[in-house]
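Notes for the structure review
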Amino acid sequence: MMLRMHGWDMGVMMSMMQSTAMMARACSAECMMHAEMSEHCRMCAMACDQVVMSMEKMMGMMSEAMPMA
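Below or above, wherever it landed, is the structure these notes cover. (Residues numbered from 1 in each chain as written. Predicted model: local features only at pLDDT ≥ 70, side-chain atom pairs only at ≥ 80, totals over all residues. Heavy atoms only, no water.)

**Here's the deal with the nonpolar core**
Counting 8 residues, the largest nonpolar core is built from M10, M13, M14, M17, A21, M55, M59 and M62. Sorting the residues of this core by element identifies α1 (10-32) and α2 (39-65) as the ones contributing at least two each. Looking at which element gives the most residues to this core, the answer is α1, with 5 residues. (Core = buried A, V, L, I, M, F, W, Y, C linked by side-chain atoms within 4.5 Å. Buried < 20%, exposed > 50% of the residue type's maximum accessible area, 1.4 Å probe, protein only. Helix = DSSP H or I, 4+ residues; strand = E, 2+ residues; numbered from the N terminus.)

**Things to note about α1**
Taking 1.5 Å per residue, 23 residues should reach 33 Å; α1 reaches 33 Å between its end C-alpha atoms and fits that length. All buried positions along α1 are accounted for by M10, M13, M14, M17, A21, A24, S28 and C31. On its buried face, α1 is in contact with α2. Between the side-chain oxygen at the start of α1 and the backbone nitrogen of G11 there is a gap of 3.0 Å, and the oxygen is on D9. (Expected span 1.5 Å × (residues − 1). Contact = heavy atoms within 4.5 Å. Polar contact = N/O pair within 3.5 Å; in protein donor to acceptor, adjacent residues only side chain to side chain.)

**Brief notes about the packing of α1 against α2**
The contact between α1 and α2 brings their axes to 8 Å, and the two run at 160°. Between α1 and α2, the angle is such that the two are roughly antiparallel. The crossing of α1 and α2 is left-handed. For the contact of α1 with α2, the per-class residue count stands at 19 nonpolar, 4 polar and 3 charged. (Axes fitted to C-alpha atoms, helices over the stretch in contact; angles between N-to-C directions. Parallel < 35°, antiparallel > 145°, perpendicular 65-115°, else oblique. Left-handed = near helix turned anticlockwise from the far one by under 90°. Nonpolar A, V, L, I, M, F, W, Y, C, P; charged D, E, K, R; others polar.)

Right, dumping it as structure tokens:
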């Protein structure tokens, strides 16, 4: 969606990134419940945490560059 040639709607992009961050937080929380018993769950939780950080960073940068009206 971010690569559309004809531009994009800031509200839609923010909603999409907020939803992605929310899903990644939920996934991380679930995986952390099993992280001590399963290496792949620990790795999944770490990856989800990275997604959250990336989404938050990107949303911050977008807000600074193009404040929503």
